[in-house]
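Chain and residue survey
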Amino acid sequence: MKRRTLLVTATIGAATLLAAGCTTGGGGGNPTQPVTSVISTNANHPPTTITVWTFNTLAKEVNAFRDDLARLHTKYPWLTVKFVPGKDDAAYAKAVAAGSPPDVFISIAPDYVGQFCHNGTVLDLTSYLKAANIDVPKTFPQASLVYTQYRGKQCALPLLTDAYGLYYNKAKFAAAGITSPPKTYSELVTDAKKLTVKNPDGSIKTFGLVTRSDFSSNNNIYSGVQTNSKFYDDQGKATFGSDPNWAKTLELDKTLQDYYGSGNVQKFVGRYQPHTDDASNPFVTGAAAMEYDGEWHIGELKSEAPNLDYGIAPFPVPDDQVSRYGVGNTQGTVLYISSHTKHPQESFFAVQQLSTDTAFLNTLADAVSNIPSTFDSLTAWDQANDPHWSQFISIFKNPGSYYKELTAVGGEDAVNWDQFKQNYEAGKVSDLPAALKKFAGQIDSINKQANGR
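Keep in mind that what you see is a predicted model, and the values were worked out from it rather than measured.

Let us now look at helix α10 (residues 185-195). Listing the buried residues of α10 in full gives Tyr185, Leu188, Val189, Asp191, Ala192 and Leu195. Among the structural elements, α9 (170-175), β8 (197-198), β9 (204-206), α11 (246-260) and β10 (290-294) are those in contact with the buried residues of α10.

In structure tokens form, the structure reads like this:
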């Protein structure tokens, strides 16, 4: 299972490269040339080799891709795929800047869909999908279209999905007299305090829930989904200063950090950050009664703690939004076709197989412990009724779940939001409303520059 730590902190090192490298305006491929049915039926199609890069590195993930691509070649002998794992957004940006990107790139997250689409780095797949008779809204759940479409263009396709929720230890809940997972922020605070076990010296043996934004997947708590906040309004202006709900999750975090003591929280993060995926994970060891994480953590727990009795629930919402309980941040891996490709139709054909073939999607979902990304694959998936997986599928399908708006700045807005949160948690923000208003102005300036106006 490949951990997704985004929003963007995992790709922050690539931000400059992406901004500089992805400014191509087309390339070898013709984005208006539609795919035709001849591609899938003509055995006499000229032999074609395309290159596919992916971020995946774990053996079982890579093997799942290789096996499917081998089956694709067996079915369509004219198509050969040169598969290259271990390539991240930074490597792709460098290849774009050098004028030699792969035909297809599979990215770990959708943070740069807007930037790639805005700059013409990748193809708009709308005409290809239409020619292939793929009804996009009937094929992919809406939550996945939010992060693959940009200003009416389908510049990427989803390939498996991530959703985020609250993991809770059932035995610790029972011992604390808690009968169900919290639904609101106030319930979360109350439960976290009940579940916290302190040592005589004031240190903490068991934390209820650590929400500090730089730990594990926690920065996704602050994406705005839980408070029904969007990064931007209908005019494209940042809402951090105009939407008071942005402060609610920050204040929740401060309440818990004050209760634990910032020193105890720092020790927790320092000790367990290297072990978010392994047997020393704090939820596995009992050092945390609750944990916020993505669906892939199910696979990790199955491997590292097969006897752990735990539940999964949506992350709570503010008390005045309880009717929205069930929503969550959703994102996932995405497939791009480079605008420089010399084989746009053949590349789309391969992408079509990867993104819509039910057998492949379900095989890959099992291999990497992710959620399948089409309606058909979700229906056919043998994990759909599992009590753990079903919670994440419900979050994925919830109409209130979404991913942050895509813009021409790529992930730069989220990187800056990460820094703001960390400054707040470090006590460097004295007047939160004023600071959020100033921050909104900074984001507007970044977007203005990226859009050239």
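Pairing within the open sheet is mixed, and its five strands lie in the order β2-β1-β3-β13-β6. Of all strands in the sheet, those bounded by a partner on one side alone are β2 (79-84) and β6 (157-158). With six bridges connecting them, strand β1 (residues 48-54) and β2 associate as parallel partners. Across the sheet, Trp53 pairs through a bridge with Val84, a residue of β2. Helix α3 (residues 59-75) rests against β1, β2 and β3 (104-107) of the sheet, and its axis sits at about 170° to β2.

Before going further, it helps to spend a moment on the layout of surface pockets. Gaps between atoms show up when a probe of the same size as a water molecule is rolled over them. In this structure, the largest pocket encloses a volume near 430 Å³. Around the largest pocket sit 17 residues that line it, and Arg151, Tyr232, Gln235, Gly236 and Lys237 are the ones nearest its centre. At three residues, the largest contribution of residues to the lining of the largest pocket is made by helix α20 (residues 432-450). Looking at the lining of the largest pocket, its residues break down into four nonpolar, five polar and eight charged.

Scanning the entire structure with this criterion turns up six salt bridges. Two residues, Arg71 and Asp68, come together in a salt bridge whose shortest N-O distance is 3.3 Å. Of the two residues, Arg71 and Asp68 are both situated in helix α3; the distance of three residues between them amounts to about one turn of the helix. Since its relative accessible area comes to 46%, Arg71 is described here as partly exposed. For Arg212, the salt bridge is made with Asp214, and the minimal N-O distance between the two is 2.8 Å. Taking the relative accessible area as the measure of exposure, Asp214 reaches 30% and is therefore partly exposed.

Parameters at a glance
Residues numbered from 1 in each chain as written. Predicted model: local features only at pLDDT ≥ 70, side-chain atom pairs only at ≥ 80, totals over all residues. Heavy atoms only, no water. Buried < 20%, exposed > 50% of the residue type's maximum accessible area, 1.4 Å probe, protein only. Helix = DSSP H or I, 4+ residues; strand = E, 2+ residues; numbered from the N terminus. Contact = heavy atoms within 4.5 Å. Pairing = 2+ DSSP bridges. Axes fitted to C-alpha atoms, helices over the stretch in contact; angles between N-to-C directions. 1 Å grid on protein atoms, 1.4 Å probe; cavity = no way out; pocket = protein on both sides within 12 Å on 5 of 7 lines; lining within 4 Å. Points joined across faces, edges and corners; volume = space filled by probe spheres on them. Nonpolar A, V, L, I, M, F, W, Y, C, P; charged D, E, K, R; others polar. Salt bridge = Lys/Arg side-chain N within 4 Å of Asp/Glu carboxyl O.

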